[in-house]
Amino acid sequence: MEVPILCPPFNYHSLERVRIILKSGKEQSVHRYHPWIFSGAIKKIYGSPAEGDLVDVFDSKEEFLATGHYQPGSISVRILSFEQTEAGIDFLRNRIRDALDFRKLLGLVGNPSTNVFRLVHAEGDNLPGLIADYYNGVIVLQMHSVGMYRIRNDLAEIFTDLPGLTITAVYDKSESTIPYMSGVAGANGFLFGSADPAVVTENGFKFMVDWKTGQKTGFFIDQRENRKLLNLFTSGKRVLNLFGYTGGFSVYAMKDASLVHTVDSSGPAIELADENIRLNYGDNRRHESFTTNAFEFMNDIGGKYDLIILDPPAFAKHNNVLGNALQGYKRLNMKAIEMIRPGGIIFTFSCSQVVTKENFRKSVFAAAANTSRKVRILHQLSQPPDHPVNIYHPESEYLKGLVLYVE
Ligand code: SAH
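Residues numbered from 1 in each chain as written. Predicted model: local features only at pLDDT ≥ 70, side-chain atom pairs only at ≥ 80, totals over all residues. Heavy atoms only, no water.

Caption draft 1: Seen up close, the nonpolar core. Residues Tyr-135, Trp-211, Leu-230, Leu-307, Ile-309 and Phe-347 are the most contacted members of the largest nonpolar core, which totals 35 residues. Broken down by secondary-structure element, the contributors of at least two residues to this core are strand E9 (138-143), strand E10 (169-172), strand E13 (205-209), helix H5 (224-230), helix H6 (248-253), strand E17 (307-310) and strand E18 (344-350). When residues of this core are sorted by domain, at least three fall in each of domain 2 (89-196) and domain 3 (220-406). Every residue in contact with Phe-347, bar those within four places of it in the chain, is listed here: Asn-226, Leu-229, Leu-230, Phe-233, Leu-307, Ile-308, Ile-309, Leu-310, Leu-381, Leu-402 and Val-403. The next biggest cluster of nonpolar side chains, apart from the first, holds 34 residues, and it includes Ala-87, Tyr-134, Val-170 and Ile-178. (Core = buried A, V, L, I, M, F, W, Y, C linked by side-chain atoms within 4.5 Å. Buried < 20%, exposed > 50% of the residue type's maximum accessible area, 1.4 Å probe, protein only. Helix = DSSP H or I, 4+ residues; strand = E, 2+ residues; numbered from the N terminus. Domains from an automatic or database assignment. Contact = heavy atoms within 4.5 Å.)

Right, dumping it as structure tokens:
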């Protein structure tokens, strides 16, 4: 049996950094600020780095290129800086403060109607491997690299001392996100303070968030702008929210829809969806929820709904199942297009990183073409600006959606 290794905290000062030399020509993507070094690009490693160590990367002429966290596997280095740096606590603090300043610019900090947002979006904020979500004073961290995981206590200290944000707790929820090959054992837990599940506010709507048991960090923060857009279309409508999770879209739709049905296969998610409807509207007969398989539910919805939301989980996590995923999107969208009432609206999404905007649109096109309905695209949707896309790292763009008008 493999014994999990509990990594010691990181000592920034005690190291002679390992040097990684790239093959000739392989420095080009680094010059274009792509933040990953793939194993196939490496010519030589001077030293034997442990997973998560800071390493320096050089071109084939041994000119300095970048500093980052080492990990064995296909992505060998996640780059933190393209300039020479110790990459210690001050460096991290500056990066995190930059991320916060950017959220201030977006009007998300100290905003009375929205107190939940993504504070750090990994590569999108030049901090590969680190996700930090803010829930009204509680920070939930998800580390995707051992390099970030090893410095979690330093990170917690930085997050509790940010100008303009009062932090009551920092929760580490990395157990399921640390690379499983690493052998590093991580148990979720508070790094600072503690907090029970709590109500947060998004665009004035209330949501109960349980970061310990919920999916991702507890809430799908990335749909904030798209939920807001939904309200342009909900007045007096019969709305079906498929893959509804804790009722994000349903709570918005309930503002003025004539009825809202929420479907999810997860019982706990549906319980929380019901609670979220109560929080905002009391016991309200306009809402009904169904704990069941969305695909089966769709067999019997012909002509019943004016607006359908399709926000399924990622159908493809890897390129090798891309074909199946695209078929899945086609099947789902075809059913919705067939079944919706004339003049209906469909909000359809894909959050699979490996499915490009173009591929998703092609799947929806193929779906529409297989029905006898006429379909127009009204909006092309994406992730909100607190999930920024690093232009040199197109992989950080993952959420895409379309608003369809079906004649
Ligand atoms: N729209 C939601 C997020 C959806 S996440 C929001 O704004 O918060 C995807 C959801 O799909 C998860 O809650 C998961 O439980 C659910 N799910 C996965 N497979 C399903 C299936 N076959 N039928 C119904 N729900 C499913």
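Caption draft 2: Layout of the pairing of strand E1 (residues 18-22). By the criterion of burial, E1 is predominantly enclosed, with four of the five residues buried. Taken together, the four bridges between E1 and strand E4 (residues 54-58) define a ladder with parallel strand orientation. Across the sheet, residue Val-18 finds its bridge partner in E4, namely Val-55. Pairing of E1 with strand E3 (residues 42-46) involves four bridges; the strand directions are antiparallel. Following the sheet pairing, Arg-19 is matched in E3 by Tyr-46. (Pairing = 2+ DSSP bridges.)

Caption draft 3: Inspection of the packing of helix H2 (residues 89-105) against helix H4 (residues 152-159) at higher detail. Here H2 crosses H4 at 50°, and the two axes come no closer than 10 Å. With respect to their mutual orientation, H2 and H4 come out oblique. Seen from above, H2 lies across H4 with right-handed handedness. When H2 is examined against H4, the residues Ile-89, Leu-92, Arg-93 and Ile-96 are found in contact with a partner set consisting of Asp-154, Leu-155, Ile-158 and Phe-159. The residue makeup of the contact of H2 with H4, split by class, is six nonpolar, no polar and two charged. (Axes fitted to C-alpha atoms, helices over the stretch in contact; angles between N-to-C directions. Parallel < 35°, antiparallel > 145°, perpendicular 65-115°, else oblique. Left-handed = near helix turned anticlockwise from the far one by under 90°. Nonpolar A, V, L, I, M, F, W, Y, C, P; charged D, E, K, R; others polar.)

Caption draft 4: Region of the structure containing the packing of aromatic side chains. Taken as a whole, this structure holds 18 aromatic pairs when the rule is applied. Centroid distance Tyr-135 to Trp-211: 5.8 Å. Interplanar angle 35°. Geometry classified as tilted. Taken together, the residues span a long stretch of sequence, with Tyr-135 in strand E8 (residues 130-135) and Trp-211 in the loop between E13 and H5 at a distance of 76 residues. Here Tyr-135 and Trp-211 have matching classes, each one buried. Ring centres 5.0 Å apart and planes at 80° place the aromatic pair Phe-220 and Tyr-245 in the edge-to-face group. Of the two residues, Phe-220 sits in the loop between E13 and H5 while Tyr-245 sits in the loop between strand E14 (238-242) and H6, which places them 25 residues apart along the sequence. Across the pair, exposure class does not vary: Phe-220 and Tyr-245 are buried alike. Positioned above the aromatic ring of Tyr-149, the side-chain terminus of Arg-152 is 3.9 Å from the ring centre. Above the ring of Phe-249, the side-chain terminus of Arg-227 is found at 5.7 Å from the ring centroid. (Phe/Tyr/Trp six-rings, centres within 6.5 Å; stacked < 30°, edge-to-face > 60°. Lys NZ or Arg CZ within 6 Å of the ring centre and 35° of its normal.)

Caption draft 5: Region of interest: the site of the ligand. Among the 15 residues in the neighbourhood of the ligand, the closest are listed as Arg-227, Asp-264, Ser-265, Ala-294 and Asp-311. Side-chain polar atom of Arg-227 to an oxygen atom of the ligand: 2.9 Å apart, as the coordinates give it. Between Ser-265 and the ligand, the recorded distance is 3.1 Å, taken from a backbone N or O atom to a nitrogen atom. For the ligand, whose unbound accessible area comes to 580 Å², protein coverage reaches 89%. (Near = heavy atom within 4 Å. Polar contact = N/O pair within 3.5 Å; in protein donor to acceptor, adjacent residues only side chain to side chain. Areas by Shrake-Rupley, 256 points an atom, 1.4 Å probe, with all protein chains shown as cover.)

Caption draft 6: Representation of the pattern of salt bridges in the model. In this structure the tally under the stated criterion is 16 salt bridges. Asp-53 is the salt-bridge partner of Arg-150, the closest N and O atoms lying 3.2 Å from each other. With Arg-150 in helix H3 (residues 146-150) and Asp-53 in the loop between E3 and E4, this pair connects stretches of sequence that are 97 residues apart. Taking relative accessible area as the criterion, Asp-53 reaches 18% and is therefore assigned buried. A salt bridge links Glu-225 to Arg-224; the shortest N-O distance between them is 3.7 Å. Residue Glu-225 is classed as partly exposed on the basis of its relative accessible area of 38%. You can call Arg-224 buried: its relative accessible area is 3%. (Salt bridge = Lys/Arg side-chain N within 4 Å of Asp/Glu carboxyl O.)

Caption draft 7: Just a nonpolar patch on the surface, in detail. Nonpolar side chains collect at one region of the surface, where Tyr-33, Ile-391 and Tyr-392 lie side by side and expose about 360 Å² of accessible area between them. By the secondary structure assignment, Tyr-392 is in the loop between strand E19 (375-381) and strand E20 (400-406). (Patch = residues over 30% accessible without salt bridge, like charges linked within 9 Å, V, L, I, M, F, W, Y side chains within 5 Å.)

Caption draft 8: Structural detail: the packing of helix H9 (residues 322-339) against helix H10 (residues 357-369). For the pair H9 and H10, interaxial distance at closest approach is 8 Å and the crossing angle is 45°. Classified by the angle their axes make, H9 and H10 are oblique. H9 and H10 meet at a crossing whose hand is right-handed. Here H9 contributes Leu-322, Leu-326, Tyr-329, Lys-330, Asn-333, Met-334 and Ile-337 to the contact with H10, which in turn contributes Asn-359, Phe-360, Ser-363, Val-364, Ala-366, Ala-367 and Ala-368. Within the contact of H9 with H10, the residues separate by chemical class into 10 nonpolar, three polar and one charged.

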